[in-house]
Amino acid sequence: MSEQRNLVLLTFPDTTASAFDEAQHLPGLHAVAALERSSDGVLEVRDTFTRGAGVATVGSGVLGGLVGLLGGPIGMLLGFAAGAALGNAAEERYATEAGAAMIVLSPRVPDGGALLALDVRESSPGPADELAAKHGAAVERIDEHTFTEQVRAAEKKAEKH
């Protein structure tokens, strides 16, 4: 199997606590979110993890600070602030898109059950499938492009209302 970025959905009949911790160590994982629905239908995002969160903000800030060195101490401070702001904007956009993705996924969370949504670049389905089997979860894969289209369609539908 060639490497492919997928959204891997693991659906559980109950909670995801130990599976969430293990999912953070899957090869190629970018992000994971744990959604749980109570038996009375209330949905909750229990936990999220993004590998490399904050790297864009800090990295852009440091780069801006280095460029700002040309303007002295004040230039360094302003460069760091400007770089960090740009990096943070990129991370905020990802967070907004992740929120829209959670809305699209919410109908897949069973009453009294849970869902782990894994954003992962897979060269093999083995690791995620083994995690699912170990915890008694059903597995569904949606390729990155198909899921992005589903999220965009949901956003457009929401804008119309």
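Above: the structure in question.
Source: prediction; values computed, not measured.

Calculation rules
- Residues numbered from 1 in each chain as written.
- Predicted model: local features only at pLDDT ≥ 70, side-chain atom pairs only at ≥ 80, totals over all residues.
- Heavy atoms only, no water.
- Helix = DSSP H or I, 4+ residues; strand = E, 2+ residues; numbered from the N terminus.
- Expected span 1.5 Å × (residues − 1).
- Polar contact = N/O pair within 3.5 Å; in protein donor to acceptor, adjacent residues only side chain to side chain.
- Pairing = 2+ DSSP bridges.
- Axes fitted to C-alpha atoms, helices over the stretch in contact; angles between N-to-C directions.
- Contact = heavy atoms within 4.5 Å.
- Buried < 20%, exposed > 50% of the residue type's maximum accessible area, 1.4 Å probe, protein only.
- Core = buried A, V, L, I, M, F, W, Y, C linked by side-chain atoms within 4.5 Å.
- Salt bridge = Lys/Arg side-chain N within 4 Å of Asp/Glu carboxyl O.

A. Region of the structure containing helix H5 (residues 144-160). Here H5 spans 25 Å end to end across 17 residues, near enough to the 24 Å set by a 1.5 Å rise per residue. One side-chain oxygen of the residue at the start of H5 lies 3.1 Å from the amide nitrogen of His145, identifying that residue as Asp143.

B. Seen up close, the sheet that holds strand S2 (residues 29-37). Ordered by their spatial adjacency, five strands build an open sheet running S3-S2-S4-S1-S5, and the pairing between neighbours is antiparallel. Across the chains shown, the open sheet's two edge strands, defined by having one partner strand only, are strand S3 (43-50) and strand S5 (138-143). For this sheet, the mean angle separating the axes of adjacent strands, direction not counted, is 20°. Pairing between strand S1 (residues 4-12) and S5: six bridges, direction antiparallel.

C. Representation of the side chain of Gln24 within the structure. Within the secondary structure layout, Gln24 lies in the loop between helix H1 (17-23) and S2. In this view, Gln24 contacts Leu29, Val32, Phe49 and Arg51; residues no more than four positions away in its chain are not counted.

D. A look at helix H4 (residues 126-135). Where H4 is concerned, the buried positions are Gly126, Ala128, Leu131 and Ala132. Backbone geometry just after H4 places Gly136 at a positive phi near 70°.

E. Broad picture of the nonpolar core. Leu10, Phe12, Ala23, Leu26, Val32, Leu116 and Leu118 are the most contacted members of the largest nonpolar core, which has 18 residues in total. For this core, the secondary structure elements donating two or more residues are S1, H1, S2, strand S4 (114-122) and H4. In terms of residue count, the dominant contributor to this core is S4 (four residues). Setting aside its immediate chain neighbours within four residues, Leu10 contacts Ala114, Leu115, Leu116, Leu118, Ala128, Leu131, Ala132, Ala137, Ala138 and Val139. Within the second largest apolar cluster, twelve residues are counted, among which are Leu7, Leu35, Val109 and Val151.

F. Focus on the pairing of S4. The element S4 is extensively covered by neighbouring structure, given that eight of its nine residues are classed as buried. Pairing of S1 with S4, which is carried by nine bridges, proceeds in the antiparallel orientation. Bridge assignment links Leu10 to a residue of S4, and that residue is Leu116.

G. A look at the pattern of salt bridges. Within the structure shown, the criterion is met by nine salt bridges. In this structure, Glu3 engages Arg121 in a salt bridge whose closest nitrogen and oxygen atoms are separated by 4.0 Å. Residue Glu3 is located in the segment before S1, and its partner Arg121 is located in strand S4; the two are separated by 118 residues in the primary sequence. Residue Glu3 is classed as exposed on the basis of its relative accessible area, which comes to 53%. A salt bridge links Glu140 to Arg108, with the nearest nitrogen and oxygen atoms 3.3 Å apart. Pair noted here: Glu140 is in strand S5 and Arg108 is in the loop between helix H3 (72-105) and S4, with a separation of 32 residues, a long-range link. Linked by salt bridges that have partners in common, Glu36, Glu44 and Arg46 make up one network.

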